[in-house]
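Overview (structure and organization)
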Amino acid sequence: MKRTIFNSLLTVLIVLASTPAYAGGEPGGGNAPAIPPSSTNAPASSSATVSADEAVNILIVYFSMTGNTEKMATGVQEGVERVAGATVTLKKVDEVTNDDLAAADGIVLGSPTYWGTIATPMKNFLDITGFWGGKVGGAFSTGALETGGKESVVVSLLLALMMKGVIVVGPVYDFGNFQAGSLGASAMTGPPDEGVSDSELEEARKLGERVATITQQLKRGSP
Ligand SMILES: Cc1cc2nc3c(=O)[nH]c(=O)nc-3n(C[C@H](O)[C@H](O)[C@H](O)COP(=O)(O)O)c2cc1C
């Protein structure tokens, strides 16, 4: 009996070790399986005058059924575009390719809150992709309710990013007389505060800006 269990465990370990998704990976993150190879990857901004180590590509991956999380994703995009030399690729979760992942220096993930946690398409994306070590990451979410789990989703996304070897950052707020950091960006989208407000969008922009800035600093090797 014990021997049968031992043999089964051994088989599982051998299968895991030979599956690319679990085999670790290089900083380029090229070991992501099961998603289609290359398609369009058009950067939204670029600058010919920046040095090579300023040129970073930030990939924003989001799932959105009714447009709220998509709006936050465009806020993150605008924030990345504030940073000279940073280019941005915005992709729905089912459109991301292995080439997108390999080309990204930073990855920002966004998901609506579904029953207090990450929506299944985003969770599935996390489960089928591999190690992203060396990249910088951040997270954002939306949820209808004031205390419906938006921040839990951000934390869950950050945990997954950390498990994939990503260095995670959140936005930083400067109130003049004091500064504060935050976990990520989120928006309450149900009544009485429907949709994504300007201040919530600005939070998303700050997230994109910080991810791009820290990614550049890491690439440069100095602040
Ligand atoms: C299946 C399902 C479960 C949901 N669960 C929650 C929840 O637990 N907490 C919450 O605040 N909102 C919840 N919502 C509302 C969505 O999170 C909210 O409408 C979100 O902004 C939708 O994002 P989207 O417009 O990008 O699709 C749920 C919506 C659906 C469809």
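Preceding this section is the structure that the text describes.
Note that the structure is predicted; figures quoted are calculated from it, not measured.

**Looking at the overall build of the protein chain**
- Counting its secondary structure elements, the protein chain contains 6 helices and 9 strands.
- Relative to all contacts within the protein chain whose residues are 6 or more apart in sequence, the contacts with residues 24 or more apart total 81%.

**So, the environment of V50**
- Along the chain, the position of V50 falls in the loop between α1 (2-17) and β1 (56-62).
- When the C-alpha positions of V50 and A86 are compared, they lie 9.2 Å apart, and in sequence the two are 36 residues distant.
- Not counting chain neighbours up to four residues away, the residues in contact with V50 comprise A55, A84 and G85.

**Some remarks on the pairing of strand β9 (residues 185-188)**
- Of the two faces of β9, both are covered, the one formed by A185 and A187 as well as the one formed by S186 and M188.
- Across 4 bridges, the pairing between strand β5 (residues 136-143) and β9 is parallel. Counterpart to T142 in the pairing with β9 is A187.

**Focus: the nonpolar core**
- Counting residues in each nonpolar core, the largest one holds 50 residues, and the members touching the most others are I58, I60, V61, V76, V108, F140 and L157.
- In contact with I60, other than residues within four places in its own chain, are A73, V76, Q77, V88, L90, K91 and V108.

**Regarding the site of the ligand**
- The full set close to the ligand counts 19 residues, and N68, T69, P112, G143 and G148 are the nearest of them.
- At the level of elements, α2 (68-81), β3 (106-114) and β5 are the ones that each hand at least two residues to the shell around the ligand.
- For the shell around the ligand, the residue count by class is 6 nonpolar, 12 polar and 1 charged.

**Quick notes on the pairing of β3**
- The element β3 is largely enclosed, with a buried count of 8 among its 9 residues.
- Here β1 runs beside β3; their pairing, made up of 5 bridges, is parallel. Bridge pairing in β3 links L59 to I107.
- Two strands pair when backbone bridges link them, and β3 and β5 are joined in this way by 7 bridges, in the parallel orientation. Directly across from G106, in β5, lies its bridge partner V136.
- Hairpin geometry of β3 and strand β4 (residues 117-118) is characterised by an intervening segment of 2 residues between the two adjacent antiparallel strands and by a positive phi of about 50 degrees at W115.

**Here's the deal with α2**
- With 14 residues, α2 extends 20 Å from end C-alpha to end C-alpha; this agrees with the ideal 20 Å at 1.5 Å per step.
- Most of α2 is tucked away, with 10 of its 14 residues classed as buried.
- For α2, every residue scored as buried is listed here: N68, T69, M72, A73, G75, V76, Q77, G79, V80 and E81.
- Looking at the buried side of α2, the elements it contacts are β1, β2 (86-92), β3, β5, β9 and α6 (198-220).

Scoring rules and cut-offs
- Each chain has its residues counted from 1, running along the sequence as written.
- Residues qualify for local features only when their pLDDT is at least 70, as the model is predicted, and side-chain atom pairs are given and counted only at 80 or more; totals for whole chains, interfaces and linings, by contrast, use all residues.
- Helix and strand definitions follow DSSP, with helices as H or I runs of at least four residues and strands as E runs of at least two, each counted in order from the N terminus.
- For the purpose of contact definition, each residue receives a C-beta atom placed from its backbone, and two residues are in contact when these atoms lie within 7 Å.
- Here a residue counts as buried when 20 or more other C-beta atoms sit within 10 Å of its C-beta, as exposed when there are 12 or fewer, and as partly exposed otherwise, the C-beta atoms being derived from the backbone.
- Pairing between two strands requires that DSSP report at least two bridges joining them.
- Residues enter a nonpolar core if they are buried, belong to Ala, Val, Leu, Ile, Met, Phe, Trp, Tyr or Cys, and are joined to the set through C-beta atoms within 7 Å.
- In this entry, near means the residue's backbone-placed C-beta atom lies within 6 Å of the molecule or strand.
- Gly is placed with the polar residues, together with every amino acid not listed as nonpolar (Ala, Val, Leu, Ile, Met, Phe, Trp, Tyr, Cys and Pro) or charged (Asp, Glu, Lys and Arg).
- For a helix, the expected span equals 1.5 Å multiplied by the residue count minus one.

Any functional reading would require information that these geometric values do not contain.
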